[in-house]
Amino acid sequence: MSISVEGLTKIYGTQKAVDNISFMAKPGVLGFLGPNGAGKSTTMKILTGFIPQTSGNALVCGFDVIKQPLDVKKHIGYLPENNPLYQEMYVKESLGFIAGIHKLNAPEQRIAAIIEQTGLGPEQHKKIGQLSKGYKQRVGLAQAILHNPEVLILDEPTSGLDPNQLIGIRQLILDLGKTKTIVLSTHIMQEVEAVCDHVIIINKGKIAANDTLHDLRHKNGDKTLENIFIQLTNN
């Protein structure tokens, strides 16, 4: 398994943001769903090594997020919700900067391939600050996949995009999911139905559902994912 989480708990003061959760993820697209404050982003930050857990274990590609953080970062790509970008950098320049951090071999060749894969060709010589939100999301995604990681953590990657931009990013996620393990956090249920083959629903720090999309619907009387989500988290 690309991701293995066992008994993961994160406590802030008196609040349990994540409460003893366990799950695994393999190649494909895993929808990681939950209401605001459910523990989604906290779990993602633990998996990517941004914050430590209070207890429990998390492995990425067999590497412990606490004991082997650099190995984890080599095998993981992360697009956080706020998509931090260097606004004054040019698109191609920013990818060169990230390539340098990862010490990539033949960076020019890899950058050219990623620009083509993410559809950034027409924008590659523009400053990031001049780009539309859709293209900024593509830059964030390009930076996350530049070092060809086995695991991708995407936190609200299509937030605020128009329908045309949505289609492009969704197709890119689908294509990447053929060879990589992708954990996708989103509030858009149609997005989950379009790209995810497995779903985890987290509520108040605990896992409320962990199943394939098909089986989750079947076990809940073939209701829509939105209705299942409301039923499991409305308490």
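The structure contained in this document is the topic of the report that follows. This is a predicted model, so every value here is computed, not measured.

**Points about the pattern of salt bridges**
- Under the definition given, this model contains 8 salt bridges.
- Residue Asp19 is joined to Lys206 by a salt bridge in which the shortest nitrogen-to-oxygen separation is 3.0 Å. Here Lys206 lies in strand β10 (residues 206-212) and Asp19 lies in strand β2 (residues 15-25), a separation of 187 residues in the sequence.
- When salt bridges with common partners are traced through the structure, they connect Lys16, Asp19 and Lys206 into a single cluster.

**So, the packing of aromatic side chains**
- Applying the stated rule across the entire model yields 3 aromatic pairs.
- Each ring, one from Tyr86 and one from Phe97, has its centre 5.6 Å from the other, and the planes form 90 degrees; the classification is edge-to-face. Here Phe97 lies in helix α3 (residues 91-101) and Tyr86 lies in the loop between β6 (76-79) and α3, a separation of 11 residues in the sequence.

**Side note on the side chain of Thr186**
- Mapped onto the secondary structure, Thr186 falls in the loop between β8 (181-185) and α7 (189-195).
- Since its relative accessible area comes to 1%, Thr186 is described here as buried.
- Side-chain polar atoms of Thr186 contact the backbone nitrogen of Ile188, separated by 3.0 Å.
- Looking at Thr186, its side chain comes within polar contact range of the side chain of Glu191, at 3.3 Å.
- Setting aside residues no more than four positions away along its own chain, Thr186 makes contact with Phe32, Leu33, Glu156, Glu191 and Val192.

Parameters and conventions
- Residues numbered from 1 in each chain as written.
- Predicted model: local features only at pLDDT ≥ 70, side-chain atom pairs only at ≥ 80, totals over all residues.
- Heavy atoms only, no water.
- Salt bridge = Lys/Arg side-chain N within 4 Å of Asp/Glu carboxyl O.
- Helix = DSSP H or I, 4+ residues; strand = E, 2+ residues; numbered from the N terminus.
- Phe/Tyr/Trp six-rings, centres within 6.5 Å; stacked < 30°, edge-to-face > 60°.
- Buried < 20%, exposed > 50% of the residue type's maximum accessible area, 1.4 Å probe, protein only.
- Polar contact = N/O pair within 3.5 Å; in protein donor to acceptor, adjacent residues only side chain to side chain.
- Contact = heavy atoms within 4.5 Å.

Scope: geometric values only; no functional claims are made or implied.
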